[in-house]
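Letter by letter, the chains look like this.
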Amino acid sequence: MPRGANLPAIAAFNDTVVLDAVRRSEGGLSRVELVGSTGLSAQTVSNVSRRLIDQGLIREAGKRIDGPGKPRTILQLEPTGSYAVGVHLDPTVITCVLLDLEGEVVAEARRHSPVSGDAMQTLAIVVEAIGTVLAESGVDRAKVSGVGVAAPGPIDTETGVVVRPPLIPGWNDFHLRDELRAATGLSSLVAKDVTAAAVAERWRDSADASHDYVFVYYGTGVGVGMVLGGDVYTGATHNAGDVGHAIVDPGGALCACGRRGCYGESVRPYRLVMQAIWAGVLSAPGGEPVPDGVELDLDVETVDALFTELTQAATAGDDVATSILDRSIRNTAYYLSNLSALLDIDRVVFGGPSWDRLEPFYAARLPGWMHEFDMDILTHPVITESSAVGADVAAVGAACLVLDATFSPRGRV
Ligand SMILES: [Zn+2]
């Protein structure tokens, strides 16, 4: 719990300390409880509470009797006090959500990413989607704190520029934040998608949830968001979370780096789809057999559709499809065992756009693989689970970043 200070110059900071404490509480807090949890004086808490009530960010919500003395007025968050828009730019789908101050999704819109990958065309779709969620929810634009965009890395968070996203060459060095600000009139920020996903998960944390965990983001590629000591770890340039080229399968797939069996390469949907095509489980577009080792230039939508087919074949009992998935799960367990040992985490959360199709296979096989590796490496078991936030996790997280930047004493992460 961040603690405040009793200096007039940082009144705005104290506002965020009190608001954060109220937001994280179950059912609200009294002013006396706020004094205890924030370290602020009773007078400061009283002044701050009045200001936040006047701004419509918190409300008085009845009285509670706590032991002797007069009943205490409970302060609760006012969910309609402010809103934030979150956008997830994925190579296939653009997801747009509107969150209230409690972090609940009140409206959402989904659009296909333009096949051209053109940045300005993408921007026009994003602007339209933002207009749609605001119109559908009836929320006044003046109540929107800003727009957060989760984009594939690498990104420059200082300038809001998407640097060189793989798979979307049309976005190279695109000034996304400034273009979006100009087009919507709303303040904007840009974050890496895995970071946004980890932020969304942290917002859902209850007070007693573990504070050291990783979020494995399964999209077109795989990334890892880290929550360490209760904070999202973003690294020196806010680009932490690239899984790098740790070798988990020495005889496995050839990676762009020239080596075989790098983790990210060995589990990404394209790689699993190609293995299935070579093995004859899936048909390549056009129906011709593809010799082992010959790569196809498949667009992201085709990969996504074939990936669904692969998981359906495994569900139907196809042994080869099952073994392709199982090998990728074993590779994930290798990687996570090392990561768990390095970071001393006790939980791994999975999510992202490709995760729903993999979830049943991971649920059946990952704990066994993890247990096997954990016994040799780790001093305690690691729990694996699916994100509670769902497939929109990166968009939700991008909106949470806006709420954090506006209302949290931590500020922008
Ligand atoms: Zn590699």
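Residues numbered from 1 in each chain as written. Predicted model: local features only at pLDDT ≥ 70, side-chain atom pairs only at ≥ 80, totals over all residues. Heavy atoms only, no water.

Quick word on the side chain of Glu 265
At step 1: On the secondary structure map, Glu 265 appears in helix α7 (residues 263–267).
At step 2: Among the residues examined, Glu 265 registers a relative accessible area of 10% and is labelled buried.
At step 3: Beyond its immediate stretch of four places on either side in the chain, Glu 265 contacts Ala 253, Leu 254, Cys 255 and Arg 271. (Helix = DSSP H or I, 4+ residues; strand = E, 2+ residues; numbered from the N terminus. Buried < 20%, exposed > 50% of the residue type's maximum accessible area, 1.4 Å probe, protein only. Contact = heavy atoms within 4.5 Å.)

Focus: the domain arrangement of the chain
At step 1: Here the chain is described as being made up of domain 1 (8–77), domain 2 (82–202 + 393–407) and domain 3 (207–386).
At step 2: Computed from C-alpha coordinates alone, the two centres of domain 1 and domain 3 are separated by 44 Å. (Domains from an automatic or database assignment.)

Comments concerning the coordination of the zinc ion
At step 1: Looking at the zinc ion, the protein donor atoms are His 245 (ND1), Cys 255 (SG), Cys 257 (SG) and Cys 262 (SG), and they sit 2.0 to 2.3 Å from it.
At step 2: Coordination at the zinc ion is tetrahedral, judged from the 4 donor atoms that bind it and the angles of 100 to 116° they form at the metal. (Donors = N, O, S within 2.8 Å, 3.2 Å for Na, K, Ca; no water. Tetrahedral: all angles 85-135°; square planar, octahedral: opposite > 155°, others 65-115°.)

Points about the environment of Val 22
At step 1: By secondary structure assignment, the location of Val 22 is in helix α1 (residues 11–24).
At step 2: Under the relative-accessibility criterion, Val 22 is labelled buried at 3%.
At step 3: As for Val 22 and Val 45, which are separated by 23 residues in sequence, their C-alpha atoms are 12 Å apart.
At step 4: Ignoring anything within four residues of it in the chain, the contact list for Val 22 reads Leu 29, Leu 34, Ile 58, Leu 75, Gln 76 and Leu 77.

Section: the sheet that holds strand β6 (residues 105–112)
At step 1: A sheet is described by the order of its strands in space; here 5 strands give the open sequence β6-β5-β4-β7-β10, paired in mixed fashion. Only two strands of the sheet have a single partner each, and these edge strands are β6 and β10 (188–192). Direction aside, the axes of adjacent strands within the sheet are offset by 20° on average.
At step 2: Relative to strand β5 (residues 93–100), strand β4 (residues 83–89) runs antiparallel, the two sharing 7 bridges. By the bridge assignment for β5, Val 85 is matched with Leu 98.
At step 3: Of the strands in this sheet, β4, β7 (144–151) and β10 are in contact with helix α5 (residues 176–184), which crosses β10 at around 145°.
At step 4: Relative to the sheet, helix α6 (residues 193–203) contacts β4, β7 and β10, its axis offset from that of β10 by approximately 100°. (Pairing = 2+ DSSP bridges. Axes fitted to C-alpha atoms, helices over the stretch in contact; angles between N-to-C directions.)

Here's the deal with the confidence of the model for the chain
At step 1: In the predicted model, the chain carries a mean pLDDT of 88, and the fraction of residues at 70 or more is 92%.
At step 2: Looking at the elements of the chain, mean pLDDT is at its lowest for strand β9 (residues 161–162), recorded as 82, and at its highest for helix α8 (residues 269–278), recorded as 96.
At step 3: Low pLDDT (under 50) marks residues 5–9, which in the prediction has 8 contacts with non-local residues, meaning those over four places away or in another chain. (pLDDT = per-residue confidence, 0-100.)

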